[in-house]
Amino acid sequence: MSDPQSVTVTDTTGDDLAQSTSDASLRRTEARSAEIEAQIAKDPSGFRVMTGDRPTGNLHLGHYFGSLANRVRIQDAGVETYILIADYQVITDRDGTGPIHERVLGMLADYLAIGLDPARTTIYAHSAVPALNQLLLPFLSLVTDAELRRNPTVKAELDATGDRPMSGLLLTYPVHQAADILFCKANLVPVGKDQLPHLEQTRVVARRFDERYGRVDPARPVFPQAEALLSKASTVLGLDGTKMSKTKGNVIEIGMDADTTAKLIRKAVTDSDRHITYDPANRPEVSNLLMLASLCTGRDPVEIADAIGDGGGGGLKKLVTEAVNEFFAPIRARRVELAADPGHLLDVLRRGNAHANEVGDATLAEVRAAMNMVY
Ligand code: TRP
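First, a word on scope: everything that follows refers to the structure included in this document. Computed from a predicted structure; not experimentally measured.

## Here we look at the site of the ligand
Every one of the 13 residues lining the ligand counts as a neighbour, but Thr51, Gln89, Gln177, Asp180 and Gln195 are closest to it. Within the contact set of the ligand, a nitrogen atom lies 2.9 Å away from a side-chain nitrogen or oxygen of Gln177. Protein coverage of the free-state accessible area of the ligand, which is 360 Å², stands at 89%. Those elements that place two or more of their residues in the shell around the ligand are strand S1 (48-53), helix H9 (173-182) and strand S4 (188-191). It is H9 that provides the largest number of residues to the shell around the ligand, a total of four residues. Split by residue class, the shell around the ligand holds seven nonpolar, five polar and one charged.

Right, here's the structure in full:
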């Protein structure tokens, strides 16, 4: 092994970071995701999955079909899974923590209701895992402020906050995310496209750590190179045909009741053509509702459209309402039970936190050893 002190850190990565959401890079990641899926089906034991959400509101159907269902599938395929409730990320771009306690427990109730199983999946919160957060310190020594300012996701999140100045936490949040991923040495991160720059940053941090601080076991770096797993899942849009997002008021939450769901779908945007067809390019709102019905029933959206025929927006909405309410009925029933027992939810979270702490402490011990800081 070469003397780590003598290795200079090569900065060839600025371009990779800026390019991580380009079309070519996206296609490569998609192709690689398909290969990884095939490997998981053959042997799930080579993977450790880590992902998470920031608890800023209740999870909705866009989350469910876009990523949550995929996590349950991966867990059920036998992959060891870590799921972070990213409570510290909440304060990257707002004052105060808001109703954080309710939101964290609400998110946990959503997770458990959809089938994430705490016996197989570790669910924990940022703020409860000191070792994870301490990794941020050595990791910050490995990045420059220029590359953080170039990160497209940081830029987008800054723009979304209007006139707010960039906080130190928002600027460094990709490095915090590297700590989220690397504290448990995850090698696979199911995310949406918008998070790809953070994964590139995570790989850069892992590589530079190896170059600059070296190894404990000469045969392998302290940290793996984590890969993205882009889900094949379809994007479900909001009830107005634009991205489903709480701030736009176009969401159906996983935990909403059947009546609220019916009311919201009744107000959904359609168009004036009474003959229902599946045509995403020309009829985005109608097609999105058909896709939602398709995801809930397992039927083809074209076949659903044919069955509705000249039934118009009214016929379409009736069918979608039934499909959504039927599909989510058992999940919602479980969620009601879970939400009624916050003591149980806290207990589950504490057990997840305890396990995350064991794993994080072991990683931090290795980091200190690599850095020659064991006293
Ligand atoms: N940044 C992610 C989001 O805004 C949430 C998140 C935090 C995350 N840490 C993570 C996702 C680690 C994947 C891996 O949605």
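## Brief notes about the pattern of salt bridges
A complete count under the given rule lists 24 salt bridges for this structure. Its salt-bridge partner being Asp117, residue Arg120 comes within 2.9 Å of it at the nearest N-O pair. Several salt bridges share partner residues, and in doing so they unite Lys185, Asp217, Arg220 and Glu366 into one network.

## Section: helix H2 (residues 23-42)
Here H2 spans 29 Å end to end across 20 residues, near enough to the 28 Å set by a 1.5 Å rise per residue. Within H2 the residues assigned to the buried category are Ser25, Leu26, Thr29, Ser33, Ile36, Glu37 and Ile40. Looking straight down H2, one finds its buried side chains confined to an arc of 120°; they lie on one side. Opposite its buried face, H2 presents the exposed residues Arg27, Arg28, Ala34, Ala41 and Lys42, each directed more than 90 degrees away.

## Brief notes about the packing of helix H3 (residues 61-76) against helix H14 (residues 312-339)
Following both chains from N to C, one finds H3 and H14 inclined at 75°, their axes separated by 13 Å at the closest point. Judged by the angle between their axes, H3 and H14 are roughly perpendicular. Along the contact surface, H3 presents Leu61, Tyr64 and Phe65, while H14 presents Val324, Phe327, Phe328 and Ile331. The residue inventory of the contact of H3 with H14, partitioned by class, reads seven nonpolar, no polar and no charged.

## Details of the packing of aromatic side chains
What the rule picks out here adds up to 13 aromatic pairs. Relative to Phe65, the ring of Tyr64 has its centre 5.0 Å away and its plane inclined at 90°; by these criteria the two rings are edge-to-face. Ring centres 6.5 Å apart and planes at 75° place the aromatic pair Phe139 and Phe209 in the edge-to-face group. Placement of Phe139 in helix H5 (residues 130-140) and of Phe209 in helix H10 (residues 196-213) is noted, with a sequence separation of 70 residues between them. Of the residues examined, Phe139 reaches a relative accessible area of 0% and is grouped as buried. Pairwise contacts between aromatic rings join Tyr64, Phe65, Phe327 and Phe328 into one cluster.

## A word on the pairing of S4
Burial along S4 is two-sided: the residues Leu188 and Pro190 and Val189 and Val191 are all buried. Alignment of S4 against strand S5 (residues 227-230), held across four bridges, turns out to be parallel. Its bridge partner lying in S5, Val189 is registered against Ala228. Note on the crossover from S4 through H10 to S5: the handedness is right-handed.

## Quick word on the packing of helix H4 (residues 100-114) against H14
Packing of H4 against H14 brings their axes to within 8 Å, and their N-to-C directions diverge by 135°. Considering the angle they form, H4 stands oblique to H14. Regarding H4 and H14, the two cross each other, and that crossing is right-handed. The residues of H14 that touch H4, namely those facing Gly106, Ala109, Asp110, Leu112, Ala113 and Ile114, are Ile331, Arg334, Arg335 and Leu338. Classifying every residue of the contact of H4 with H14 gives six nonpolar, one polar and three charged.

## So, the environment of Lys185
Take Lys185: it is sitting in the loop between H9 and S4. Sequence separation between Lys185 and Gly360 is 175 residues; the distance between their C-alpha atoms is 9.2 Å. Sequence-distant contacts of Lys185, defined by excluding residues within four places in its chain, comprise Arg48, Arg220, Val222, Pro224, Thr363 and Glu366. In this structure the side chain of Lys185 is engaged in a polar contact, spanning 3.3 Å, whose partner is the backbone oxygen of Val222. A polar contact is formed between the side chain of Lys185 and the side chain of Glu366, at a distance of 2.6 Å.

## Some words on the pairing of strand S3 (residues 121-125)
Counting buried positions along S3 gives five out of five residues, so the element sits mostly inside the fold. With burial as the criterion, each face of S3 is covered, one bearing Thr121, Ile123 and Ala125 and the other bearing Thr122 and Tyr124. Note that strand S2 (residues 80-85) and S3 share five bridges and pair parallel. Paired with Ile85 across the two strands is Ala125, which belongs to S3. Remark: the S2/H4/S3 crossover connection has right-handed handedness.

Criteria and cut-off values
- Residues numbered from 1 in each chain as written.
- Predicted model: local features only at pLDDT ≥ 70, side-chain atom pairs only at ≥ 80, totals over all residues.
- Heavy atoms only, no water.
- Near = heavy atom within 4 Å.
- Polar contact = N/O pair within 3.5 Å; in protein donor to acceptor, adjacent residues only side chain to side chain.
- Areas by Shrake-Rupley, 256 points an atom, 1.4 Å probe, with all protein chains shown as cover.
- Helix = DSSP H or I, 4+ residues; strand = E, 2+ residues; numbered from the N terminus.
- Nonpolar A, V, L, I, M, F, W, Y, C, P; charged D, E, K, R; others polar.
- Salt bridge = Lys/Arg side-chain N within 4 Å of Asp/Glu carboxyl O.
- Expected span 1.5 Å × (residues − 1).
- Buried < 20%, exposed > 50% of the residue type's maximum accessible area, 1.4 Å probe, protein only.
- Arc of directions from axis to C-beta.
- Axes fitted to C-alpha atoms, helices over the stretch in contact; angles between N-to-C directions.
- Parallel < 35°, antiparallel > 145°, perpendicular 65-115°, else oblique.
- Contact = heavy atoms within 4.5 Å.
- Phe/Tyr/Trp six-rings, centres within 6.5 Å; stacked < 30°, edge-to-face > 60°.
- Pairing = 2+ DSSP bridges.
- Right-handed = clockwise from strand over helix to strand, strands pointing away.
- Left-handed = near helix turned anticlockwise from the far one by under 90°.

Read these as geometric descriptors, not functional statements.
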